[in-house]
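This is what each chain is made of:
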Amino acid sequence: MSSTVGGGGSAEPSGVKKTSKRPKYSKFTQQELPACKPILTPRWVILTFLVAGVVFIPLGVICLFASQGVVEIVYRYDTDCVPPSSRNNMVAYIQGEGDKICNRTLTVTKPMKHPVYVYYQLENFYQNHRRYVKSRNDAQLRSPSEERDVKTCAPEDNVGGEPIVPCGLVAWSLFNDTYSFSRNSQQLPVNKKDISWKSDREHKFGKNVFPKNFQTGAPIGGGTLNISKPLSEQEDLIVWMRTAALPTFRKLYGKIETDLHAGDTITVLLQNNYNTYSFNGQKKLVLSTTSWLGGRNDFLGIAYLTVGSICLFLAVTFAVLYLVKPRQLGDPSYLSFPDIFGSYGRQSSSCYDAVSVASGFSMSINLRFSGCSSPISATLEKRLEAVDQTRANNVSFEQTKDKIRKMLDKVELSVSAYDTSWVAMVPSPSSQNAPLFPQCLKWLLKNQHEDGSWGLDNHDHQSLKKDVLSSTLASILALKKWGTGERQINKGLQFIELNSASVTDETIQKPAGFDIIFPGMIEYARDLNLAIPLGSEVVDAMIRKRDLDLKCDSERFSKGREAYLAYVLEGTRNLKDWDLIVKYQRKNGSLFDSPATTAAAFTQFGNDGCLRYLCSLLQKFEAAVPTVYPFDQYARLSLIVTLESLGIDRDFKTEIKSILDETYRYWLRGDEEICLELATCALAFRLLLAHGYDVSYDPLKPFAEESGFSDTMEGYVKNTFSVLELFKAAQSYPHESALKKQCSWTKQYLEMELSNWLKTSVRDKYLKKEVEDALAFPSYASLERSDHRRKLLNGSVVENTRVTKTLYRLHNICSSDILKLAVDDFNFCQSIHREEMERLDRWIVENRLQELKFARQKLAYCYFSGAVTLFSPELSDARISWAKGGVLTTVVDDFFDVGGSKEELENLIHLVEKWDLNGVPEYRSDNVEIIFSVLRDTILETGDKAFTYQGRTVTHHIVKIWLDLLKSMLREAEWSWDKSTPSLEDYMENAYISFALGPIVLPATYLIGPPLPEKTVDSHQYNQLYKLVSTMGRLLNDIQGFKRESAEGKLNAVSLHMKHERDNRSKDEIIESMKALAERKREELHKLVLEEKGSAVPRECKEVFLKMSKVLNLFYRKDDGFTSDDLMSLVKSVIYEPVTLQEESLT
């Protein structure tokens, strides 16, 4: 994309060597580690609460059920086991001598499967008290060598100077009540084995640590220990030493290994030894079974139920709020978080401003200096504020997208009063005096407008008057035929009389066949003794004109005329030969999918197929029919084209894929709805081909010549819209010879139509603009974002109203919704583009590129060329790589042309070839240091980003791309130094690389999304794509830059052609032959991109090369656009000027 220009020389002597002190790059030090932040949209919040509710409530029920299944017997005995005489002073009782045995009986209420766990429960006992918890020594419990370490155990640390083992208040207060159980005089043994944690026994209590001096001093706290057993075997102590967190707790006493049956009476012998009376505590005996969840505890189940119920309530509440009063928010799919500052040299904005001021460089490389102002004008600032306000007031992206998805899912055609009238006029086969479809007659009686007319609502526009008059007259005839609706007939006749001038007004758009059908309906009215208030002169003139046209046409037979006369059968009334009509009957029984034509045919000929079609139509639409049916395919395909032309199709990929899959199935089986409708066929071919379907050109072959089109009904009536679709279809596959012919004649046809354009209706004005755009911006040179902007400003959207025999509307297709979404999307993407431009401005300053005085500053063009094609937010990495590649190839090109000496050029190539990231580079000059440093950092940055997409290292390939470019530029420099003239073949083999598209396009293919294995990158197809686009670009550049480069004494393909020319061709002839060669390369590239069978390169990656070819065609359309500033206004419009729409565009 670079082209050479003159400039200054080297700034440094070639012998100076510099070393770099720049630190090694690290993502951690540069704060580039990946981060993730969830975006809580209303839908996600509602869905999250709903899922939580649905999951938690069943879990709560399960947990509660498990807890309720646990059988517990809880008996408080601290008071009952004190004799009544001692209950006034229970502390004295418990501290006194004597036996404190207590017998109690417990009744088992429910069966208890073994093991039955025996617990003691204490209440108001604060084992979690700080002083209590700290009064112990865990090291002493583990090892005998630590038995004297009792400094943390006071006051229970020693007795008579000898350490207590185990020491501390926790052990001293060991629970010492005992229980024994019997049933029917039979003892129930309590197993006290393995009641403690295994980890405590093995790791916290030593096997060779024995109790010493325990409970030998005063006062006595709780239970005693067996001095002959190690602590690891004294499980009552181990259980007790695991302190509780709450003042009410249970500890395991033992296990009864026998089932207890309901009704069993258990006798408990309690030894009431433990003093809880001093602190008003309570003691309870607990017998309990367990479930899979543990003991009885309702808290977990209740907690799950509570949280689940709250979540469910919030989900319902938020859903109602979202539906009734939705919040406006941006579309999170557009969010992108690309690298903000580049790889090295991050600076704060204040530091950055200081650098700019200190250097006296007011950012000449950004658009302030180059004519596309980065500090936007005050007017533009106001427009940006207005756009922000408009977006805030608009319906949210998601709501609008949902509406459009519904449009894609189902097409709703308006009903036609005109066609319903003709269906209503069909007599019953059993009685000619009664209508076959009386429901249509009732519909006409109920659906007359206040002004007396029939037709679509809101038909006041002058351009629709003839359509309304036609619908009104047909409705009057239907009512008159069956002798009903006298009042409605009179109101209709009054409307016709008031608007009679519109009948002969040639500036008003005519429905299809109006000049034949309207006079025919007047004649039919005469047969019914109905006077139409138009004036005899007007009526006679219309009938004479019709008869004259039919007579003239009859003298020159054509298939198109024959089809047309069959189409307007209800107006001719003199076609008596069914054989002339039946050839146009379709499989569904209709003629041209037109209810009016089919109704007229059945009335005249009584064909069963026509009757079947009419009956199926009324079964679907009940009382009123549309003017064409079926029509779904064309309407949905048109909507897809509209979404694509406005740049918002990426939001509807799933829906579009579904529609195109269905269309492709229809295409393969030759469905009439596609193949017999010329515009639909051309549109389907274009879309299917563009989306990678294997479609044959066969259905369009008859239209390779204009004569084939003339033989159709569309050709007979000179349907410009159909020709436009054929022209666009031909451009989509230009290397097919037949399509080339089609492209040629359709282009000439449209140019002729434009030169004679007299139509003035609103729809015709839009059609004219479409034709002008199609001719002015061929598909191979159209840039997507520029096209989107132009179409938005033109108000071009899907046509939801069209006129055939009568006007019809696609009810559920709302152009304003599509426009609003497209405008919001364009401006949102543009705001991201502006941010990226600012980052690139900073990147240039941080990497000192502005200090290279020899280098052209082309950031605006470089970024524009990426943003205008790779415009969507998610392609930010590809855009940034593209722009940086463009800037750096321009700098390197200028360095090799005018900025560097031979030693500097070789030094730069050596540094890239060596690619030593750990060593200290040796630079011949500051210029080499600046260029290599930014090259290295950019290659590493791109390689790191590509790794996240590809899952493999591609840095070595990017290095090779740059090395190939530098060597090719050096070769050109050597030719210049040696004053040698290479052969044309040698020049072109080197020039397609030195054209410098490699570092721009090839790394970007890694950042598009699809995986590119190494074998794909090494494949012939991948390299052929690169070679074709580069060769085409080089040829275009040399053609447009010939005069300038010749004056500068530089090599150029044109000058080399002239030097090696053997056929004595002139310069102009050589240039024309080179243009033809460039066009052939473009066509080869296009063909290679469209190829799907056996393709190694993913379609998305192939299209990157095609997008670059479009950029090149734009840049070199008139001159060397990359070097000139003529495109700056286009750059500004795409990156800096938001779109605003006038109210009429939305209506």
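Residues numbered from 1 in each chain as written. Predicted model: local features only at pLDDT ≥ 70, side-chain atom pairs only at ≥ 80, totals over all residues. Heavy atoms only, no water.

Asker: Could you clarify how one ought to interpret the overall build of the chain in this entry?
Answerer: In terms of helices and strands, the chain carries 49 helices and 17 strands. Taking all 1147 residues of the chain together, 53% fall into the buried category. Counting contacts in the chain only where the partners sit at least 6 residues apart, residues at least 24 apart contribute 77% of the total. For the chain, the computed accessible surface area is about 52,200 Å², with 52% contributed by carbon and sulfur atoms. (Helix = DSSP H or I, 4+ residues; strand = E, 2+ residues; numbered from the N terminus. Buried < 20%, exposed > 50% of the residue type's maximum accessible area, 1.4 Å probe, protein only. Contact = heavy atoms within 4.5 Å. Areas by Shrake-Rupley, 256 points an atom, 1.4 Å probe, with all protein chains shown as cover.)

Asker: Just to check I follow, could you spell out a nonpolar patch on the surface for this structure?
Answerer: Together, Trp 44, Leu 47, Leu 50, Val 51, Val 54, Val 55, Leu 59, Ile 62, Trp 292, Leu 293 and Leu 300 line one region of the surface with nonpolar side chains, adding up to about 1,000 Å² of accessible area. Take the nonpolar patch: its biggest share by element is 8 residues, from helix α1 (residues 42-68). Tracing the chain through its elements places Leu 50 in helix α1. (Patch = residues over 30% accessible without salt bridge, like charges linked within 9 Å, V, L, I, M, F, W, Y side chains within 5 Å. Salt bridge = Lys/Arg side-chain N within 4 Å of Asp/Glu carboxyl O.)

Asker: What exactly am I supposed to notice about the packing of helix α41 (residues 998-1006) against helix α47 (residues 1099-1115) here?
Answerer: Packing of α41 against α47 brings their axes to within 9 Å, and their N-to-C directions diverge by 150°. Classed by the angle they form, the pair α41 and α47 counts as roughly antiparallel. Like other packed secondary-structure pairs, α41 and α47 cross with a definite hand, here right-handed. Seen from α41, the contacting residues are Ile 1000, Val 1001, Leu 1002 and Thr 1005; seen from α47, they are Cys 1101, Val 1104, Phe 1105 and Met 1108. Residue classes in the contact of α41 with α47 are distributed as 7 nonpolar, 1 polar and no charged. (Axes fitted to C-alpha atoms, helices over the stretch in contact; angles between N-to-C directions. Parallel < 35°, antiparallel > 145°, perpendicular 65-115°, else oblique. Left-handed = near helix turned anticlockwise from the far one by under 90°. Nonpolar A, V, L, I, M, F, W, Y, C, P; charged D, E, K, R; others polar.)

Asker: How should the nonpolar core be read in this particular structure?
Answerer: The biggest cluster of nonpolar side chains holds 113 residues, and the ones touching the most others in it are Phe 864 and Phe 896. Once residues lying within four places of it in the same chain are set aside, the contact partners of Phe 864 are Leu 783, Leu 1114, Phe 1115, Leu 1130, Val 1131, Val 1134 and Ile 1135. By size, the runner-up hydrophobic cluster in this structure holds 67 residues, among which are Leu 441, Leu 477, Ile 516 and Leu 591. (Core = buried A, V, L, I, M, F, W, Y, C linked by side-chain atoms within 4.5 Å.)

Asker: I keep staring at the state of the cysteines and nothing clicks. Help me out?
Answerer: Each disulfide consists of a covalent bond between the sulfur atoms of two cysteine residues. Scanning the model with the defined rule gives 2 disulfides in all. Between the sulfur atoms of Cys 153 and its disulfide partner Cys 167 the distance amounts to 2.0 Å. One end of the pair, Cys 153, is in the loop between α4 (138-142) and β5 (158-159); the other, Cys 167, is in the loop between β6 (162-163) and α5 (169-172), and 14 residues separate them in sequence. Given a relative accessible area of 2%, Cys 167 falls into the buried group. (Disulfide = S-S within 2.5 Å.)

Asker: Just to check I follow, could you spell out the pairing of strand β2 (residues 72-76) for this structure?
Answerer: Each regular strand carries side chains that alternate between the two faces of the sheet. With burial as the criterion, only one face of β2 is covered, namely that bearing Ile 73 and Tyr 75; the residues Glu 72, Val 74 and Arg 76 on the opposite face remain uncovered. In the sheet, β2 pairs with strand β12 (residues 282-288) via 5 bridges, with the strands oriented antiparallel. Along β12, the bridge assignment pairs Arg 76 with Lys 284. (Pairing = 2+ DSSP bridges.)

Asker: What is the right way to read the side chain of Gln 127 from this model?
Answerer: In this structure, Gln 127 sits in the loop between β4 (116-123) and α3 (130-134). When neighbours within four sequence positions are excluded, Gln 127 is seen to be in contact with Tyr 132, Val 133, Trp 240, Arg 242, Thr 243, Ala 244, Phe 249 and Lys 251.

Asker: What exactly am I supposed to notice about the confidence of the model for the chain here?
Answerer: Note: predicted coordinates in regions of low pLDDT should not be interpreted at a detailed level. Of the residues in the chain, 87% reach a pLDDT of 70 or more, and the chain-wide mean stands at 84. When pLDDT is averaged over each helix and strand of the chain, the minimum, 33, is found for helix α9 (residues 349-358) and the maximum, 96, for β4. Counting contacts from residues 1-18, a segment whose pLDDT is below 50, to residues more than four positions away or on other chains yields 74 contacts. Here residues 331-395 is a poorly scored stretch, pLDDT under 50, and it has 121 contacts once near neighbours within four places are set aside; other chains count. (pLDDT = per-residue confidence, 0-100.)

Asker: Can you walk me through the sheet that holds β2 in this structure?
Answerer: Hydrogen bonds between backbone groups are what pair the strands of a sheet, and the pairing can be parallel or antiparallel. Pairing is antiparallel in the open sheet, where 5 strands are placed in the order β2-β12-β4-β10-β9. Looking at which strands have only one partner, the edges of the open sheet turn out to be β2 and β9 (190-191). As defined by bridge partners, β4 adjoins β12 across 7 bridges and the pair is classed as antiparallel. Note that in β12 the partner of Tyr 117 across the bridge is Ser 288.

Asker: What's the story with the environment of Arg 142 in this structure? I'm lost.
Answerer: Inspection of the secondary structure assignment puts Arg 142 in helix α4. With relative accessibility at 41%, the residue Arg 142 sits in the partly exposed group. Sequence separation between Arg 142 and Leu 231 is 89 residues, and the spatial gap between their C-alpha atoms is 8.7 Å. Dropping the residues within four chain positions of it, Arg 142 is found in contact with His 203, Lys 204, Phe 205, Gly 206, Asn 208 and Val 209.

Asker: Can you walk me through the sheet that holds strand β3 (residues 101-107) in this structure?
Answerer: The antiparallel open sheet is built from 4 strands, whose spatial order is β3-β11-β7-β8. Of all strands in the sheet, those with a lone pairing partner are β3 and β8 (186-188), marking the two edges. Averaged over all pairs of adjacent strands, the angle between their axes in this sheet comes to 30°, without regard to strand direction. Across 3 bridges, the pairing between strand β7 (residues 178-183) and β8 is antiparallel. Its bridge partner lying in β8, Arg 183 is registered against Gln 186.

Asker: Would you explain the pattern of salt bridges in this entry?
Answerer: Side chains that differ in charge, positive against negative, can pair when their charged atoms come close. A full pass over the atoms with the stated rule returns 61 salt bridges. With its nearest N and O atoms 3.7 Å apart, the salt bridge here joins Lys 401 to Asp 651. In this pair, Lys 401 sits in helix α12 (residues 397-409) while Asp 651 sits in the loop between α24 (632-645) and α25 (653-668), placing the two residues 250 residues apart along the sequence. According to the relative accessible area criterion, Lys 401 is buried, its value standing at 2%. Residue Asp 651 is classed as buried on the basis of its relative accessible area, which comes to 12%. Lys 583 serves as the salt-bridge partner of Glu 562, at 2.9 Å between the closest nitrogen and oxygen. Here Lys 583 lies in the loop between α21 (578-582) and α22 (595-605) and Glu 562 lies in helix α19 (residues 559-567), a separation of 21 residues in the sequence. Its relative accessible area of 15% is what places Glu 562 among the buried residues.

Asker: Could you clarify how one ought to interpret the packing of aromatic side chains in this entry?
Answerer: One pair of aromatic rings is described through two measures. These are the centre distance and the angle between the planes. Tallied over the full model, the rule gives 36 aromatic pairs. On the basis of an interplanar angle of 50° and a centroid distance of 6.3 Å, the ring pair of Tyr 923 and Phe 932 is categorised as tilted. Of the residues examined, Phe 932 reaches a relative accessible area of 2% and is grouped as buried. Linked through ring pairs, Tyr 120, Phe 125, Tyr 132, Phe 175, Trp 240, Phe 249, Tyr 274 and Phe 279 together constitute an aromatic cluster. (Phe/Tyr/Trp six-rings, centres within 6.5 Å; stacked < 30°, edge-to-face > 60°.)

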